[in-house]
Amino acid sequence: MTARAETTYLRGLRPIARRELRLAIAAGLLGGIAVVAQAWLVATILHDGLFEGRVTESLRITEPLGDSLALPFVLLVAVVLLRAAAAWAADRFGFSAAMRVVPALRAALLAKLDRAGPAGLAERPSGEIVAILSEAARGVEPFFSRYLPAVVQAAVIPLGIVLVVAPLDWISALAFAVTAPLIPVFMVLIGKGAEALNQRQWGRMQRMSGHLLDAIQGLPTLRAYNAGARMIEAVAAAADAYRRDTMAVLRLAFLSALTLEFFATMSIAIVAVLIGFRLLWGDMSYQHGLFVLLLAPEFYLPLRAMGTAYHARMEALGAAERLVAFEAMPDLARAGRRAGPTEPAPRAQSLHAPSSAGTAVAFHDVRLAYPDGRVALDGVTLDVAAGETIAIVGASGAGKSSLLALLMGFVRPSSGRVLIDGRDLDDLDLAGFRRRIAYIPQRPRLFTGTVAANIALGDPAPDRDRILQAARAAAIAERIAALPDGFDTLVGSGGHALSGGEAQRLGLARAFYREAPLVLLDEPTAHLDAETEAVVQRSLARLRESRTMLVIAHRLATLRHADRIVVMESGRIAEAGSEAELRAADGRFAALVRSAGFVPGWMG
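Since the model is a prediction, treat every value here as computed from it, not as a measurement.

### Quick word on the overall build of the protein chain
Broken down by element type, the protein chain carries 21 helices and 12 strands. Within the span of the protein chain, comprising 604 residues, buried residues form 47% of the whole. Taking the contacts inside the protein chain whose residues are at least 6 apart along the sequence as the reference set, 79% of them involve residues at least 24 apart. Summed over its atoms, the accessible surface of the protein chain is roughly 29600 Å², and 60% of this surface lies on carbon and sulfur atoms.

The structure is reproduced here in structure tokens:
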């Protein structure tokens, strides 16, 4: 990863907040003009008061305003207020710029997650994804709120001061021009080390996030194997490494700030000495000398501010390195065609009257190869009639889950076509098509919320009557009624715990509520006991009515309800037919059953 790629990435975010950045820069430049005016007014007031003897005259009420010091005092107050207002506006607009970039960046990252799909994210640690979405996105904030406005001010305000000072005192202007580059030069030299430290710090943070997330997700396994102490040591070691790297970055930041302050102070001292000698020798007026001397700290202030903000750039580059790598992930998921503004969304129909007799599905010579070269599907051709139930069996890695992933748009085929009711999946509104799919994995995930919200997942206006009917159809209504708050009981993280069988039936209730004509199941009874499996199988029998169903099957009880069985092997369809036909053929299906150590009700 090159710094140029990271800089280009950050530069590409600027148009999002172009207006706010321009206003922040304009406010900073207005503050620079106020600085020059303030220094001139202070020098004028002191010069006239001390050397022209106009202090007592300025106090006379009869003295005209223009001939006294009252006018400079009034102007000075106005300029000070203007400078304060400009500083406030610069900070406010800089913060507004950052607040436009960060949400837009997070939205772009979430869109990237959608394009990559579950298959694209499978190889990336969850802790890394969380760190990128939270910390890396937030890491670019100071770059826009502080660094970019500081760079422009450091380039323009000192130059403007030199142009103002040069006609009055070319020696001081020359001193400014000679000493000014010292601050950026040392800032860049120190910044090279800071960039490496920031990037290492980001890597440490991602590893620490991954360790912590793994520890939380695998807590039951850790306790079962008495490995908790070892994981605690690993998390502590990662946290300590992150602490050391953070302290190294802070030490470098303090060292650089001290260095920049030293050079700025020495430069101001040089200018002060030069002005002092010329005042002593009478080669310079007090007003001009005081004016230049007051401007000297203001000349170096933008450069020092840029030096301080330079660490924001280093932090942003460290974050951008992760963001660039994240954006470089291949887009494996389908984009689909978006519905037009006048195209109506599919409407849910009655629970007992699905939207059709099912959905016809066809795979035509489909090949699916992942970026790492692994071939998941190789020339698969399969026609599924509307209302047909297909059981897909095969060894691990045979390509069963890839077929379902293709139908849900999580991946795109490398070649071939996937047709839905005769239309290419690429030509469909993907969001609308997914509303016609019900998916039940092996372990349905319960999201934090009420039971009702989990059943009506994805419905912005849940229908309470349909939720109750779906729960009854899934044989879970009585169990929900026994919960503390019934359908309003909180489940998921921090909520009421449900057993595996109860969560499975809740997943079935989702499918009944959705009333989708296409149902995809990844062996919903794989982890259930015989009694719970029987209940789920009866619910599945009701779910099959007037629907197309594709089931990844590991139990023979599931196969017996299938119209056809498709045997996958090495990404190809090895056999297809009814259970009786495949047993009689004594081919791959029969061998698969024998290798699984068949017992009644189980297969694989």
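### Details of the pattern of salt bridges
Evaluated as defined, the whole model comprises 17 salt bridges. We note a salt bridge from Asp 421 to Arg 436, for which the minimum N-O separation is 3.2 Å. Here Asp 421, found in the loop between strand 4 (415–420) and strand 5 (423–424), pairs with Arg 436, found in the loop between helix 13 (430–434) and strand 6 (437–440); they are 15 residues apart in sequence, far enough to count as distant. Across the pair Glu 515 and Arg 466 runs a salt bridge whose closest N-O atoms are separated by 3.5 Å. On the criterion of sequence distance, the pair formed by Glu 515 in the loop between helix 17 (500–514) and strand 9 (518–522) and Arg 466 in helix 15 (residues 464–473) is long-range, its members being 49 residues apart. Linked by salt bridges that have partners in common, Arg 19, Glu 20 and Arg 100 make up one network.

### A short note on the pairing of strand 3 (residues 389–394)
Of all 6 residues in strand 3, 6 are buried; the element is thus mostly enclosed. Side chains Thr 389, Ala 391 and Val 393 project from strand 3 onto one buried face, and the interleaved Ile 390, Ile 392 and Gly 394 project onto a second face that is buried too. Across 4 bridges, the pairing between strand 3 and strand 10 (residues 548–552) is parallel. Directly across from Ala 391, in strand 10, lies its bridge partner Val 551. Relative to strand 11 (residues 564–569), strand 3 runs parallel, the two being bridged by 5 bridges. For Gly 394, the partnering residue across the bridge sits in strand 11 and is Met 568.

### A few points about the packing of aromatic side chains
A complete count under the given rule lists 7 aromatic pairs for this structure. Pairing Trp 40 with Phe 291 gives two aromatic rings, centres 5.1 Å apart and planes at 90 degrees, and the pair type is edge-to-face. Residue Trp 40 is located in helix 2 (residues 18–51), and its partner Phe 291 is located in helix 11 (residues 286–327); the two are separated by 251 residues in the primary sequence. When its relative accessible area of 2% is taken as the criterion, Phe 291 is described as buried. Ring centres of Phe 176 and Tyr 300 lie 6.0 Å apart, and the angle between their planes is 75 degrees; on these two criteria the pair is classed as edge-to-face. With Phe 176 in helix 7 (residues 170–179) and Tyr 300 in helix 11, this pair connects stretches of sequence that are 124 residues apart. Accessibility expressed as a relative area gives 0% for Tyr 300, which makes it buried. Connected via pairs of aromatic rings, a cluster forms that spans Phe 143, Phe 144 and Tyr 147. The positively charged end of Arg 466 is found above the aromatic ring belonging to Tyr 513, 4.1 Å away from the centroid.

### Remarks on the confidence of the model for the protein chain
Residues at a pLDDT of 70 or more form 86% of the protein chain, whose mean pLDDT is 80. Taken element by element, the protein chain is modelled with least confidence in helix 3 (residues 55–58), mean pLDDT 47, and with most confidence in strand 1 (residues 361–369), mean pLDDT 91. Ignoring residues within four places in sequence, the model shows residues 55–66, a span with pLDDT below 50, making 9 contacts including any to other chains. Taken together, the stretch residues 338–355 has pLDDT below 50 and engages in 25 contacts with residues farther than four places along the chain or on a different chain.

### What to know about the sheet that holds strand 10
Read across the open sheet, the 6 strands follow the order 6-9-10-3-11-12; overall the sheet is mixed. Both outer strands of the open sheet, strand 6 and strand 12 (572–577), are each paired with one neighbouring strand and no more. Pairwise comparison of adjacent strand axes, ignoring direction, gives a mean angle of 20 degrees for this sheet. Packed on one face of the sheet, helix 21 (residues 588–595) meets strand 3, strand 11 and strand 12 and runs near 75 degrees to strand 11.

### Re the environment of Tyr 370
With respect to the helices and strands, Tyr 370 occurs in the loop between strand 1 and strand 2 (375–384). Along the sequence, Tyr 370 and Ala 119 sit 251 residues apart, while their C-alpha atoms lie 8.9 Å from each other. Excluding residues within four positions of it along the chain, Tyr 370 makes contact with Ala 119, Leu 332, Ala 376, Ser 402 and Val 411.

### Regarding unusual backbone geometry
Not every positive phi belongs to a glycine, and Asp 365 is a case in point at roughly 50 degrees. Residue position: Asp 365 is located in strand 1. For Asp 586, which is not glycine, the phi dihedral falls at a positive 50 degrees. For Asp 586, a relative accessible area of 47% translates into the label partly exposed.

### Here we look at the packing of helix 7 against helix 11
It is the contact of helix 7 with helix 11, at a shortest axis distance of 12 Å, that shows an interaxial angle of 15 degrees. With respect to helix 11, the element helix 7 is oriented roughly parallel. Handedness of the crossing formed by helix 7 with helix 11: right-handed. Residue-level inspection shows Ser 172, Ala 175, Phe 176 and Thr 179 of helix 7 in contact with helix 11, the latter providing Val 292, Ala 296, Phe 299 and Tyr 300.

About the criteria used
Every chain's residues receive numbers from 1 upward, in the order its sequence appears when written. Given that this is a predicted model, residues contribute local features only at a pLDDT of at least 70 and side-chain atom pairs are listed and counted only at 80 or more, while totals for whole chains, interfaces and linings are drawn from all residues. The basis for every side-chain value is the complete set of heavy atoms in the structure, and neither hydrogens nor water enter the calculation. The helix and strand labels rest on DSSP assignments: H or I over at least four residues marks a helix, E over at least two residues marks a strand, and numbering proceeds from the N terminus. Accessibility here uses a 1.4 Å probe with only protein chains present; expressed as a share of the type maximum, an area under 20% marks a residue as buried, one over 50% as exposed, and anything in between as partly exposed. Note on contacts: a residue pair is in contact if any heavy atoms of the two residues lie within 4.5 Å. Throughout, the Shrake-Rupley method with a 1.4 Å probe supplies accessible areas, and for residues the shown protein chains are the sole cover considered. Think of a salt bridge as a Lys or Arg side-chain nitrogen and an Asp or Glu carboxyl oxygen that are within 4 Å of each other. Paired strands, as defined in this entry, are two strands with at least two bridges between them according to DSSP. Ring geometry is summarised as follows: Phe, Tyr and Trp rings, the Trp one being its six-membered ring, pair when their centres sit within 6.5 Å, and such pairs are stacked at plane angles under 30 degrees, edge-to-face over 60 and tilted between the two. The rule is short: NZ of Lys or CZ of Arg within 6 Å of the ring centre and within 35 degrees of the ring normal puts a charge over the ring. A residue's pLDDT is simply how confident the predictor is in it, with values from 0 to 100. Interaxial angle, 0 to 180 degrees, is taken between N-to-C directions of lines fitted to C-alpha atoms, where a helix line uses only the stretch in contact. For classification, angles of less than 35 degrees are called roughly parallel, those exceeding 145 degrees roughly antiparallel, those between 65 and 115 degrees roughly perpendicular, and all remaining angles oblique. Two helices cross in a left-handed way if the nearer one is turned anticlockwise from the farther one by less than a right angle. They cross in a right-handed way if the turn is clockwise.

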